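Each chain, written out:
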Amino acid sequence: MKVAIIGAGSLGQSIAKGLVTTNALTTLYLTKRNISSIKGFEEFDKVELTSDNALAVKNADILIFAVQPRHFEAILKDLKPLLNKNHVIISVITGFAISRIEDIVGKDRFVVRAMPNTAASVGQSMTCISVNDMAKAKVELAKTIFDCMGRSMIIPEEQLQAATVICASGIAFWMRLIRATTQGAIQLGFEAHEAHELAMQTCFGAATLLKESGKHPEEEIDRVTTPSGCTIEGLNEMEHQGLSSSLIKGINASFEKINQIKTK
């Protein structure tokens with residue numbers, strides 16, 4: 001695959017880190033106005049760094065756009081004359097609909113919207129993908145790209161906003177829960193570095209248990225809650241304080257905000 005990532009910011013770099021490990025990659029162009037912040041990628045033989053978007057497009061078949069939403073339309077219009085029928089256009093930009101991209105480049109182009117998260121950099125992203133009618137023929141290609149960085153799921157475009165909240169914003173939500181667990185462990189007497197490792201590995205273990213067993217979370221909870229025990233005491237206190245309710249409200253608040261961004 002000859003890939004260009006237009007806009008190697010935080011998410012663009014995470015995608016790049018996920019891609020450089022795959023043997024399917026022939027070349028990877030990374031673009032940024034100031035390439036000094038991505039100099040670390042020079043150690044990879046297949047990677048080219050440039051501030052010239054046009055150069056990257058000319059040397060790639062798959063174009064992943066990871067620029068700021070407010071810049072995307074102008075960049076796409078500038079690059080439109082360079083696009084050919086074989087280019088696969090992949091946008092990981094929040095709130096920019098496939099129909100808006102088609103209005104610029106035409107409905108006869110392969111257009112994909114994808115929402116990975118920053119865990120792509122360690123091969124553990126959950127990426128949701130939607131395509132236009134033309135790109136239905138490229139679904140497996142899109143999955144191949146993002147499966148290199150973790151797991152992917154094809155969903156209708158109308159669900160992408162919700163997927164962004166659960167999968168992309170969700171990284172921050174889970175980080176905050178790990179942080180809170182770390183703080184609790186410190187209060188119980190652990191050193192900060194010990195508390196962090198305990199919280200982090202326990203979170204990883206919980207997710208792995210569910211992934212490997214295929215069980216519902218409550219089934220695994222039942223395995224560690226004994227009558228009148230400390231686990232159920234802690235769980236009930238968390239629920240009394242609104243743990244589940246707060247998390248659900250936060251998810252819905254994020255969803256309301258992302259829909260405001262979409263309509264601007």
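Given the structure is predicted, the values throughout are model-derived calculations rather than measurements.

Student: Please clarify how the overall build of the protein chain should be interpreted in this entry.
Tutor: Helix and strand counts for the protein chain stand at 10 helices and 8 strands. Considering only C-alpha atoms, the protein chain reaches an extent of 70 × 40 × 30 Å along its principal axes. Considering the protein chain as a whole, with its 264 residues, one finds that 38% of them fall into the buried category. Within the protein chain, contacts between residues at least 6 apart in sequence are counted, and of these 59% link residues at least 24 apart.

Student: Would you take a moment to explain helix α3 (residues 69–79) for this structure?
Tutor: An α-helix turns once per 3.6 residues; consequently, residues spaced three or four apart project the same way. When α3 is considered as a whole, its buried residues turn out to be F72, I75, L76 and L79. Projected onto a plane normal to the axis of α3, the buried residues spread over an arc of 100 degrees and lie on a single side. For α3, the exposed residues lying more than 90 degrees away from the buried face are R70 and D78. Against the buried residues of α3 lie β1 (2–6), α2 (53–58), β4 (62–65), β5 (88–91) and α4 (98–105).

Student: Can you help me understand the UniProt feature "domain: Pyrroline-5-carboxylate reductase dimerisation" (unreviewed entry) in the protein chain in this one?
Tutor: UniProt records the feature "domain: Pyrroline-5-carboxylate reductase dimerisation" (unreviewed entry) for residues 157–260 in the present numbering. Taken end to end, residues 157–260 has its terminal C-alpha atoms 17 Å apart, with 84% of it in helix and 0% in strand.

Student: Any chance you could explain the sheet that holds strand β3 (residues 47–50) here in plain terms?
Tutor: Sheets are built from strands paired through backbone hydrogen bonds, the pairs being either parallel or antiparallel. Pairing is mixed in the open sheet, where 8 strands are placed in the order β3-β2-β1-β4-β5-β6-β7-β8. Lying at the two open borders of the sheet, with one neighbouring strand each, are β3 and β8 (150–154). Between one strand axis and the next, the sheet turns by 20 degrees as a mean value, whatever way the strands run. Taken together, the 4 bridges between β1 and β4 define a ladder with parallel strand orientation. By the bridge assignment for β4, V3 is matched with I62. Its contacts with the sheet put helix α1 (residues 10–19) on β1, β2 (27–31) and β4, and the angle it makes with β1 is roughly 160 degrees.

Student: Just to check I follow, could you spell out a nonpolar patch on the surface for this structure?
Tutor: Judged by side-chain polarity, L188, F190 and L198 come together as a nonpolar surface patch covering roughly 320 Å² of accessible area. For F190, a relative accessible area of 38% gives the class partly exposed.

Student: Just to check I follow, could you spell out the packing of aromatic side chains for this structure?
Tutor: The geometry of two aromatic rings is summed up by the distance between their centres and the angle between their planes. Applying the stated criterion to the full structure yields 3 aromatic pairs. Arranged with centres 6.2 Å apart and planes meeting at 45 degrees, the rings of F41 and F44 form a pair that is tilted. With centroids separated by 4.7 Å and ring planes inclined at 70 degrees, the aromatic side chains of F72 and F96 adopt a geometry described as edge-to-face. Residue F72 is found in helix α3, and its partner F96 is found in the loop between β5 and α4; the two are separated by 24 residues along the sequence. Each member of the pair, F72 together with F96, is buried. Through pairs of rings, three or more aromatic residues link up here, namely F65, F72 and F96. Its guanidinium or amino end placed over the ring of F96, R100 lies 3.8 Å from that ring's centre, counting from NZ or CZ. Residue placement shows K138 over the ring face of F110; its charged tip is 4.9 Å from the ring centre.

Student: Before we go on, may I ask you to explain the UniProt feature "domain: Pyrroline-5-carboxylate reductase catalytic N-terminal" (unreviewed entry) in the protein chain in this structure?
Tutor: Mapped onto this structure's residue numbering, the UniProt feature "domain: Pyrroline-5-carboxylate reductase catalytic N-terminal" (unreviewed entry) falls at residues 2–93. The straight-line gap between the two end C-alpha atoms of residues 2–93 is 21 Å; of that span, 29% is helix and 24% is strand.

Student: How do you make sense of the nonpolar core when you look at a structure like this?
Tutor: A general tendency of soluble globular proteins is for nonpolar side chains to be buried together. In this structure, V3, I5, L19, L28, L30, I64 and I90 are the most contacted members of the largest nonpolar core, which totals 32 residues. Counting residues per element, the ones that place at least two in this core are β1, α1, β2, β3, β4, β5, β6 (110–115) and α5 (139–147). With 4 residues, α1 is the largest single contributor of residues to this core. Not counting chain neighbours up to four residues away, the residues in contact with L19 comprise V3, I5, L25, L28, I64, I145 and M149. Counting 22 residues, the second largest nonpolar core, distinct from the first, contains A56, A60, L76 and L79.

Student: What should I look at first to understand the side chain of S91 in this one?
Tutor: Take S91: it is sitting in strand β5. You can call S91 buried: its relative accessible area is 1%. Engagement of the side chain of S91 in a polar contact is seen with the backbone nitrogen of I93, the distance being 3.2 Å. If sequence neighbours within four positions are ignored, S91 has contacts with F65, F72, I101, V112, R113 and A114.

The rules behind these values
- Residues numbered from 1 in each chain as written.
- Predicted model: local features only at pLDDT ≥ 70, side-chain atom pairs only at ≥ 80, totals over all residues.
- Heavy atoms only, no water.
- Helix = DSSP H or I, 4+ residues; strand = E, 2+ residues; numbered from the N terminus.
- Buried < 20%, exposed > 50% of the residue type's maximum accessible area, 1.4 Å probe, protein only.
- Contact = heavy atoms within 4.5 Å.
- Arc of directions from axis to C-beta.
- UniProt positions renumbered as here; feature names shortened; annotations may be inferred.
- Pairing = 2+ DSSP bridges.
- Axes fitted to C-alpha atoms, helices over the stretch in contact; angles between N-to-C directions.
- Patch = residues over 30% accessible without salt bridge, like charges linked within 9 Å, V, L, I, M, F, W, Y side chains within 5 Å.
- Areas by Shrake-Rupley, 256 points an atom, 1.4 Å probe, with all protein chains shown as cover.
- Salt bridge = Lys/Arg side-chain N within 4 Å of Asp/Glu carboxyl O.
- Phe/Tyr/Trp six-rings, centres within 6.5 Å; stacked < 30°, edge-to-face > 60°.
- Lys NZ or Arg CZ within 6 Å of the ring centre and 35° of its normal.
- Core = buried A, V, L, I, M, F, W, Y, C linked by side-chain atoms within 4.5 Å.
- Polar contact = N/O pair within 3.5 Å; in protein donor to acceptor, adjacent residues only side chain to side chain.

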